[in-house]
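# Understanding the architecture of this molecule
What follows is the residue order along each chain.
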Amino acid sequence: QVQLMESGGGLVQAGGSLRLSCAASGTIFSINTMGWYRQAPGKQRELVAHISSGGSTGYADSVKGRFIISRDNAKSTVYLQMNSLKPEDTAVYYCNAGNGGRYYYVPGASWGPGTQVTVSS
């Protein structure tokens, strides 16, 4: 069973940066496409970014140019570098181990507890 654990969230002022990490276990990490999702209060969970096993990346329009997803297969860890943060980025951020390629992502069944990101104006 896949286990995921996110970390790195916190409170930051608008314009600031945070780096999220997600450690995975119970899966052959190197073959998974990994995704970062977020869910704001009262809203549906949305895909923010994903990265394929080969390193191809995709981003939601709302974060393109500000967020960078990366992975370290040796550490079974995926990262989300978030720059120029805005109050509307406030949400709980989750990672997911799924399938996909550069232009699509299919989420897997397992989710971590998430990490809270709060951006103050």
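For the structure itself, consult the block above.
Below is a short write-up of the structure. This one's a predicted model, so the numbers in the text were calculated from it and none came from an experiment.

Conventions we followed
Residues numbered from 1 in each chain as written. Predicted model: local features only at pLDDT ≥ 70, side-chain atom pairs only at ≥ 80, totals over all residues. Heavy atoms only, no water. Disulfide = S-S within 2.5 Å. Helix = DSSP H or I, 4+ residues; strand = E, 2+ residues; numbered from the N terminus. Buried < 20%, exposed > 50% of the residue type's maximum accessible area, 1.4 Å probe, protein only. Pairing = 2+ DSSP bridges. Axes fitted to C-alpha atoms, helices over the stretch in contact; angles between N-to-C directions.

### A closer look at the state of the cysteines
Scanning all chains against the criterion turns up 1 disulfide. Disulfide pairing is shown between C22 and C95; the S-S distance is 1.8 Å. Placement of the pair is C22 in strand β3 (residues 18-25) and C95 in strand β9 (residues 91-100), with a sequence separation of 73 residues. Assigned by exposure class, C22 and C95 land together as buried.

### Regarding the sheet that holds strand β1 (residues 3-7)
Sheet architecture is open: 4 strands sit in the order β1-β3-β8-β7, paired in antiparallel fashion. On the outer flanks of this sheet lie β1 and β7 (67-72), each paired with one strand and no other. Direction aside, the axes of adjacent strands within the sheet are offset by 15° on average.

### Focus: the pairing of strand β11 (residues 115-120)
Side chains T115, V117 and V119 project from β11 onto a buried face, and the interleaved Q116, T118 and S120 project onto a face without burial. Across 3 bridges, β9 lies against β11 in antiparallel orientation. Residue pairing in the sheet places Y93 in a bridge with T115 of β11.

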